[in-house]
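# Tertiary structure, described
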Amino acid sequence: MASLKNLLLSPLRSFIHKDFHDVVKRFTLLDKLLFLMVHFVDKLNLWHRLPVFLGLLYLGARRHLHQEYNLINVGKTPTGVRSNPGDYPYRTADGKYNDPFNEGAGSEFSFFGRNMLPVDQHNELKNPDPMVVATKLLARRKFVDTGKQFNMIAASWIQFMIHDWIDHLEDTQQIELRAPKEVASECPLKSFKFYKTKEIPTGFYEIKTGSLNRRTPWWDASAIYGSDAEVLKKVRTFKDGKLKLSADGLLEQDENGKIVSGDVRNPWAGLLALQALFVQEHNVVCDALKKEYPELEDEDLYRHARLVTSAVIAKVHTIDWTVELLKTDTLLAGMRANWYGLLGKKFKDAFGHVGGSILGGYVGMKKPENHGVPYSLTEEFVSVYRMHQLLPDTLQLRDINATPGPNKSLPLTNEIPMENLIGGKGEENLSRIGFTKQMVSMGHQASGALELWNYPIWMRDLVVQDIDGTDRTNHIDLAALEIYRDRERRVARYNEFRRRMLQIPISKWEDLTNDEDSIKMLREVYGDDVEELDLLVGMSAEKKIKGFAISETAFFIFLIMASRRLEGDRFFTSNYNEETYTKKGLEWVNTTESLKDILDRHYPEMTEKWMNSSSAFSVWDSSPKLHNPIPVYFRVPQQ
């Protein structure tokens, strides 16, 4: 029997890439079949060129495999610690009690999870030197933008999300990196000090230490509400459920001149504008709920408005921002299916949630699903969200008093260096610029591209802050630090990362890129050892799918974690109902489809006068999307 089995399986072994032979042995029969399908398509580099419906089948199969094999808990799972969802029909300040079977899942100071087992790089932290990598492969030579696809509002939005989701707890011990002689003359900082990531014992046999998340990783808008009770009290007015906002529509400042918001660490003017916009959104939701339900008191108004505002943010990210980031019909269909299901919005509006997550979407499912692993965001998720190349060197301010030109374009008035728009300077300049001019200017300016040699030089000599918004004395080289952080946090390097995500690894630099200059410099930094390639560098060098602003390597982490943020949260699943949100609150979420809708609600003249594009996240003077009469599931990607 063994020889017969080997005879039958030998053709498959020769078909499957050698690096996956041992992995596939552990799969169930169904998963083996799904892997064979996925692997066949990968070998042909085909999935993004398939008709949309077939592309969705591929992504569904791949996501299933990742849910089975790329979700790993860090730390002990509490047993017997249950809570009654009825006792907490609202989002708590610290993120507790969202999972009825694990009260601490997703709470402040819970562990970052993993999408793959850690790779110990303790002896490789400086190989090759992070400042060499940053100087030779990341540092911006000439600004490269994304054309009309992605604007500076989109770049600000992802920082807005990061300030909702993730922030590592630091140790008190400092580390110093010094620039080697070969690059010292090109480094803005010859050396810099920073705090190492704090390692905490997990009490678990497989992954012995892990990192703690200061923020609540739920999609709970903690960037405006905070991740603990103390911050929450600071941002609230305690009248009619509202949050504090200054008379000019921007964030308030406290007696020390510091901004008042849920998260005040390392902001810039674009992030501060979005925080202010969604404080406005929260307060307008409170007004609508109070008008509809005059009996509601301050606390109930606040709790319902937070649920509504958090859901609006999650929805905008899912079906608006991500669709612009991954600008293909397949991802348009896929992201809308995450929210509405394959049956679509019209069906869901008419008949409610029908079927499981595939037909009805994750939002409104009967119960949350964590695939047997307590909810968290992961170290690998943090790594693929390193997107500082999106930021330019200056903010181009537009003249909003001028008559708009073709496609509602506006003339430039002046440019402000980005260094003057971060931290305390950013708040001061935003107050001078004003919300409308800031938002319109960002709307008309393209973001940077996530490519080699496009990392902002000004971020290599950066003032960073403590969690209270106080500037630290030690400047940092963020490009070099990000390389170090991935190694320190034991995130696999590029090739091993791909293997563990069931992606075919590269065997030579030419598999990664066709650009000769890139290949030459990769070889200069890493030699011929592709296994040494850092994840951030590999994702920047990788050939991108047409329409994708990010690498495919990053996207497959998105594929699993974007779904998880919705399906694992009871306020998007079992508690996504009128009883929890109120009828008016649920209607508010269901009728908001985009950031444009939110801008229209608060600044109705803004999009009418200055926005020609269909999405607020694409450059505003770009052409709107043309109507396509072919149903999205039957479309074939244009090559």
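Residues numbered from 1 in each chain as written. Predicted model: local features only at pLDDT ≥ 70, side-chain atom pairs only at ≥ 80, totals over all residues. Heavy atoms only, no water.

As named in an unreviewed UniProt entry, the protein chain is Alpha-dioxygenase 1, taken from Anisodus acutangulus.

It is worth spelling out the overall build of the protein chain at this point. Each helix and strand counted, the protein chain has 26 helices and eight strands in total. The dimensions of the protein chain, computed from C-alpha atoms along their principal axes, are 75 × 60 × 55 Å. For the protein chain, the residues scored as buried account for 58% of the 639 residues in total. In the protein chain, of all internal contacts separated by at least 6 residues, the share reaching a separation of at least 24 is 76%. In the form shown here, the protein chain has an accessible surface area of approximately 26,400 Å², with 53% of it arising from carbon and sulfur atoms. Once the 82 positive and 87 negative side-chain charges of the protein chain are each reduced to a mean point, those two points are 3 Å apart. (Helix = DSSP H or I, 4+ residues; strand = E, 2+ residues; numbered from the N terminus. Buried < 20%, exposed > 50% of the residue type's maximum accessible area, 1.4 Å probe, protein only. Contact = heavy atoms within 4.5 Å. Areas by Shrake-Rupley, 256 points an atom, 1.4 Å probe, with all protein chains shown as cover. Lys, Arg positive; Asp, Glu negative; His and termini not counted. Charge placed at Lys NZ, Arg CZ, Asp CG, Glu CD.)

Core analysis: the biggest nonpolar cluster contains 187 residues, and Trp47, Trp157, Phe555 and Leu595 have the highest contact counts within it. Ranked by the residues each element gives to this core, the list is headed by helix α11 (residues 298-325), at 14 residues. When sequence neighbours within four positions are dropped, the list of residues in contact with Leu595 reads Ile153, Trp157, Leu277, Phe278, Val316, Asp320, Ala616 and Phe617. By size, the runner-up hydrophobic cluster in this structure holds seven residues, among which are Ile72, Ile200, Ile207 and Leu212. (Core = buried A, V, L, I, M, F, W, Y, C linked by side-chain atoms within 4.5 Å.)

Now for the environment of His444. Topologically, His444 is positioned in the loop between α17 (435-443) and α18 (478-488). Separated by 36 residues in sequence, His444 and Lys408 place their C-alpha atoms 9.5 Å apart. His444 has contacts with Arg398, Lys408, Ser409, Leu410, Trp610, Val619, Trp620 and Asp621, leaving out every residue within four places of it along the chain. Looking at His444, its side chain comes within polar contact range of the main-chain oxygen of Trp610, at 2.8 Å. (Polar contact = N/O pair within 3.5 Å; in protein donor to acceptor, adjacent residues only side chain to side chain.)

A cis amide bond, omega -15 degrees, links Asn127 with the succeeding residue Pro128. Looking at the element boundaries, Pro128 is found in the loop between β1 (110-111) and α5 (130-138). The backbone of Tyr97 shows a phi angle near 70 degrees, a positive value even though the residue is not glycine. When you line up the elements, Tyr97 lands in the loop between α4 (52-69) and β1. Phi at Lys408 takes a positive value of approximately 65 degrees, unusual for a residue other than glycine. In this fold, Lys408 is placed in the loop between β7 (394-398) and β8 (412-417). The class for Lys408 is partly exposed, based on a relative accessible area of 26%.

Turning our eyes to something else, we now look at the side chain of Gln121. Note on placement: Gln121 falls in the loop between β1 and α5. Exposure remark for Gln121: the relative accessible area of 5% places this residue in the buried category. Engagement of the side chain of Gln121 in a polar contact is seen with the backbone oxygen of Val491, the distance being 2.7 Å. Contact partners of Gln121, with chain neighbours within four places excluded, come to Asp486, Arg487, Arg490, Val491, Ala492 and Arg493.

On the surface, Leu343, Phe351, Val354, Ile358 and Leu359 cluster together to form a nonpolar patch covering roughly 460 Å² of accessible area. Tracing the sequence through the fold places Val354 in the loop between α13 (344-351) and α14 (357-360). Assessed through its relative accessible area of 32%, Val354 is described here as partly exposed. (Patch = residues over 30% accessible without salt bridge, like charges linked within 9 Å, V, L, I, M, F, W, Y side chains within 5 Å. Salt bridge = Lys/Arg side-chain N within 4 Å of Asp/Glu carboxyl O.)

In this structure's numbering, the residues bearing the UniProt feature "binding site: heme b" (unreviewed entry) are His388. Mapped onto the elements, His388 comes out in the loop between α15 (379-384) and β7. Discounting chain neighbours no more than four positions away, the residues touching His388 are Tyr455, Pro456, Met459, Leu478 and Glu482. (UniProt positions renumbered as here; feature names shortened; annotations may be inferred.)

Right, let's get into α17. Within α17, seven of the nine residues are buried, which leaves the element mostly enclosed by the surrounding structure. In the core, the buried residues of α17 are packed alongside α6 (152-165), α10 (269-292), β7, α16 (423-433), α25 (595-602) and α26 (604-610).

Bringing the environment of Met335 into the picture now. Following the sequence through the fold, Met335 ends up in helix α12 (residues 329-340). A relative accessible area of 8% means that Met335 is categorised as buried. Distance from Met335 to Lys346, taken between C-alpha atoms, is 16 Å for residues 11 residues apart in sequence. With residues up to four places along the chain from it excluded, the contact list for Met335 reads Thr318, Ile319, Thr322 and Val323.

The next subject is the pattern of salt bridges. A complete count under the given rule lists 51 salt bridges for this structure. Its salt-bridge partner being Asp287, residue Lys242 comes within 2.8 Å of it at the nearest N-O pair. With Lys242 in the loop between α9 (229-235) and α10 and Asp287 in helix α10, this residue pair connects regions lying 45 residues apart in the sequence. You can call Lys242 partly exposed: its relative accessible area is 23%. You can call Asp287 partly exposed: its relative accessible area is 38%. Arg485 is the partner of Glu488 in a salt bridge, and the nearest nitrogen-oxygen pair spans 3.0 Å. Of this pair, Glu488 and Arg485 both sit in helix α18, three residues apart, roughly one helical turn. Judged on exposure class, the residue Glu488 and its partner Arg485 are both buried.

Attention now goes to the packing of aromatic side chains. Here the structure, examined in full by the defined rule, presents 34 aromatic pairs. An angle of 85 degrees between the planes, with centres 6.5 Å apart, marks the rings of Trp219 and Phe572 as edge-to-face. In this pair, Trp219 sits in the loop between β6 (212-213) and α8 (222-225) while Phe572 sits in the loop between α22 (552-567) and α23 (578-581), placing the two residues 353 residues apart along the sequence. Just as Trp219 is buried, Phe572 falls in that class too. Here the aromatic rings of Phe548 and Phe555 are separated by 5.2 Å at their centres, their planes lie at 70 degrees, and the arrangement is edge-to-face. (Phe/Tyr/Trp six-rings, centres within 6.5 Å; stacked < 30°, edge-to-face > 60°.)

Our next topic: the packing of α10 against helix α24 (residues 583-590). Running from N to C, α10 and α24 cross one another at 140 degrees; their axes reach a closest spacing of 9 Å. In this view, α10 runs oblique relative to α24, as classed from their interaxial angle. Read as a crossing pair, α10 and α24 show a hand that is right-handed. Seen from α10, the contacting residues are Glu281, Val284, Val285, Ala288, Leu289 and Glu292; seen from α24, they are Lys584, Gly585 and Trp588. Taken together, the residues of the contact of α10 with α24 sort by class into five nonpolar, one polar and three charged. (Axes fitted to C-alpha atoms, helices over the stretch in contact; angles between N-to-C directions. Parallel < 35°, antiparallel > 145°, perpendicular 65-115°, else oblique. Left-handed = near helix turned anticlockwise from the far one by under 90°. Nonpolar A, V, L, I, M, F, W, Y, C, P; charged D, E, K, R; others polar.)

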